[in-house]
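In case you want the letters, here they are:
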Amino acid sequence: MVTVMKKVVSTIVICMIMICNLTGCTTDKINSSSNKTTIYFVRHGQTDTNVEGLMVGQSGDPQLTEDGKNNAFKLGKGLSKIKFDAAYSSDLTRAYDTAELVLKGANESLTVEKESNFNDISWGDAEGMSWEEISKKYNVADMSQCFGNIDDKKFKSPTNAESKYEFCKRFDNGIKKVLDENPPGANILIVAHSSLAFYLQKIFPESDISGIDNTSVTIVKYDYDNKEFELKDLNDTGYLGQN
């Protein structure tokens, strides 16, 4: 009887090894049973030009303030229960530095990959000006007059700014790249800019989305089966207090 049981156990073990060899067994942090990837969008920390009230998209090199640095690190601590599988930022300093500090606060050793498709929207000739200056010089009353509507391919900005349509097109290219580079079930950190709101308005047209605060978190899930995005959390600064 003992001999028979040993043979049965041996057979089960061999079968399990064969299955692992055929299908691939993993103990890493990616949830291979899930067909949904979770993206944690973060807006960069406060910068010196934020404090000065200047409209800066892609010009100059705004730096994080001390508050911006501290909040980015605190945000990482608030997100420390999330095991990130990949991290991306725009290739602008304020976003990259924020991503590095978030990972440091979360005690993660990932390398941040810079992706220019996540760069802030360009203000064109109005880069570095205050809104009051822009409004007076170009006779505009709100930002839609500078960037147009999301679906307007032919929009021409009075400030020669990048249109919302063109911005969303390139941001979407960046998201497609990220999804292609990572398997379903991954947790992904992406640090971008306030113009992230335009992309969110595009993919969630029924939601009431306006501004995105510094060091806030917006959580979006992507379902590979349905090819759809799902908004799970929007502009959440509560993670800053979860230390």
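That block above? That's the structure.
What this report covers is the structure whose coordinates are included nearby. (Residues numbered from 1 in each chain as written. Predicted model: local features only at pLDDT ≥ 70, side-chain atom pairs only at ≥ 80, totals over all residues. Heavy atoms only, no water.)

### Section: the packing of helix H3 (residues 66-78) against helix H4 (residues 93-105)
Interhelical geometry of H3 versus H4 gives an angle of 45 degrees and a closest axis separation of 6 Å. Accordingly, the angle class assigned to the pair H3 and H4 is oblique. Considering the relative orientation of H3 and H4, their crossing is right-handed. Side by side, H3 and H4 meet where Lys69, Ala72, Phe73, Leu75, Gly76 and Lys77 of the first sit next to Thr98, Leu101, Val102, Lys104 and Gly105 of the second. In terms of residue class, the contact of H3 with H4 is built from five nonpolar, three polar and three charged. (Axes fitted to C-alpha atoms, helices over the stretch in contact; angles between N-to-C directions. Helix = DSSP H or I, 4+ residues; strand = E, 2+ residues; numbered from the N terminus. Parallel < 35°, antiparallel > 145°, perpendicular 65-115°, else oblique. Left-handed = near helix turned anticlockwise from the far one by under 90°. Contact = heavy atoms within 4.5 Å. Nonpolar A, V, L, I, M, F, W, Y, C, P; charged D, E, K, R; others polar.)

### Remarks on the pattern of salt bridges
This structure, assessed with the given rule, holds eight salt bridges. Here Lys36 and Glu230 are joined by a salt bridge, their closest N and O atoms 3.7 Å apart. Remark: Glu230 occurs in strand S8 (residues 228-236) and Lys36 occurs in strand S1 (residues 36-43); sequence separation between them is 194 residues. Ionic pairing is found between Glu230 and Lys232, a salt bridge with its closest N-O pair at 3.3 Å. The network of salt bridges with shared partners includes Lys36, Glu230 and Lys232. (Salt bridge = Lys/Arg side-chain N within 4 Å of Asp/Glu carboxyl O.)

### Describing the nonpolar core
Most often, soluble globular proteins keep nonpolar side chains buried together rather than apart. Counting residues in hydrophobic clusters, the biggest one holds 38 residues, and the most contacted among them are Phe41, Ile134, Phe171, Ile175 and Ile190. The set of elements that each furnish at least two residues to this core consists of S1, strand S3 (86-89), helix H5 (131-138), helix H6 (144-147), helix H7 (164-181), strand S6 (187-192), helix H8 (196-203) and strand S7 (217-223). In terms of residue count, H7 provides more of this core than any other element does, six residues in total. Among all residues touching Ile175, those that are not within four sequence positions of it are Phe41, Phe118, Ile190, Tyr199 and Phe229. Counting 18 residues, the second-largest nonpolar core is a separate cluster that includes Tyr40, Leu79, Ala87 and Leu103. (Core = buried A, V, L, I, M, F, W, Y, C linked by side-chain atoms within 4.5 Å. Buried < 20%, exposed > 50% of the residue type's maximum accessible area, 1.4 Å probe, protein only.)

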